[in-house]
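Tertiary structure, described
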Amino acid sequence: MSSRSRSVARAIVECLADGPRAVGELAAVLPVSRPAVSQHLKVLKDAGLVSERADGTRRIYRLEPAAVAALRDQLDTYWRRALSGYADAVRTVDVAADS
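If you're wondering where the values come from, they're calculated on a predicted model, not measured in any experiment.

Reading the values: rules and limits
Residues numbered from 1 in each chain as written. Predicted model: local features only at pLDDT ≥ 70, side-chain atom pairs only at ≥ 80, totals over all residues. Heavy atoms only, no water. Helix = DSSP H or I, 4+ residues; strand = E, 2+ residues; numbered from the N terminus. Pairing = 2+ DSSP bridges. Salt bridge = Lys/Arg side-chain N within 4 Å of Asp/Glu carboxyl O. Buried < 20%, exposed > 50% of the residue type's maximum accessible area, 1.4 Å probe, protein only.

By the element assignment, Ala70 lies in helix 4 (residues 65-98). A C-alpha to C-alpha distance of 9.7 Å links Ala70 and Leu49, two positions 21 residues apart in sequence.

Next up on the list: the sheet that holds strand 1 (residues 21-22). Strand order in the open sheet formed by 3 strands is 1-3-2, with antiparallel pairing between adjacent strands. Unpaired on one side and paired on the other, strand 1 and strand 2 (50-55) mark the two borders of the sheet.

It is worth spelling out the pairing of strand 3 (residues 58-63) at this point. Two elements, strand 1 and strand 3, share 2 bridges in a ladder whose sense is antiparallel. Each residue of the ladder has a partner; that of Arg21, found in strand 3, is Tyr61. Two strands pair when backbone bridges link them, and strand 2 and strand 3 are joined in this way by 6 bridges, in the antiparallel orientation. Residue pairing across strands places Asp55 opposite Arg58, the latter belonging to strand 3. Hairpin connection, strand 2 to strand 3: the antiparallel pair is bridged by 2 residues, and Gly56 has positive phi, about 70°.

Take the pattern of salt bridges next. In a structure, side chains of opposite charge can pair up when their charged atoms sit close to one another. Applying the stated criterion across every chain, the model contains 7 salt bridges. Two residues, Lys45 and Glu52, come together in a salt bridge whose shortest N-O distance is 2.3 Å. Its relative accessible area of 36% is what places Lys45 among the partly exposed residues. Its salt-bridge partner being Glu64, residue Arg62 comes within 3.6 Å of it at the nearest N-O pair. Judged by relative accessible area, Arg62 falls into the partly exposed class, the value being 36%.

Below you can see the structure in the form of structure tokens.
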């Protein structure tokens, strides 16, 4: 996924964080075409982060709270590991400087 694709996917997630939306509503506020929004929604849906429901001829998309929470937990784990590694590196430098 390119950096532009990631930024569009992030923008879609941000919009859906405010509440369920139809593809047309998302496309109206994003700098990409309606088919591009649909493609991004398919990727997010395949990842389990988004679900859809029919409303007449429209599809309404929303974030899946449990999936978003699981993603956040995983990111928090990575963040804690990174901070722990940084703290270990600082301690190593401090010990070496004290020697």
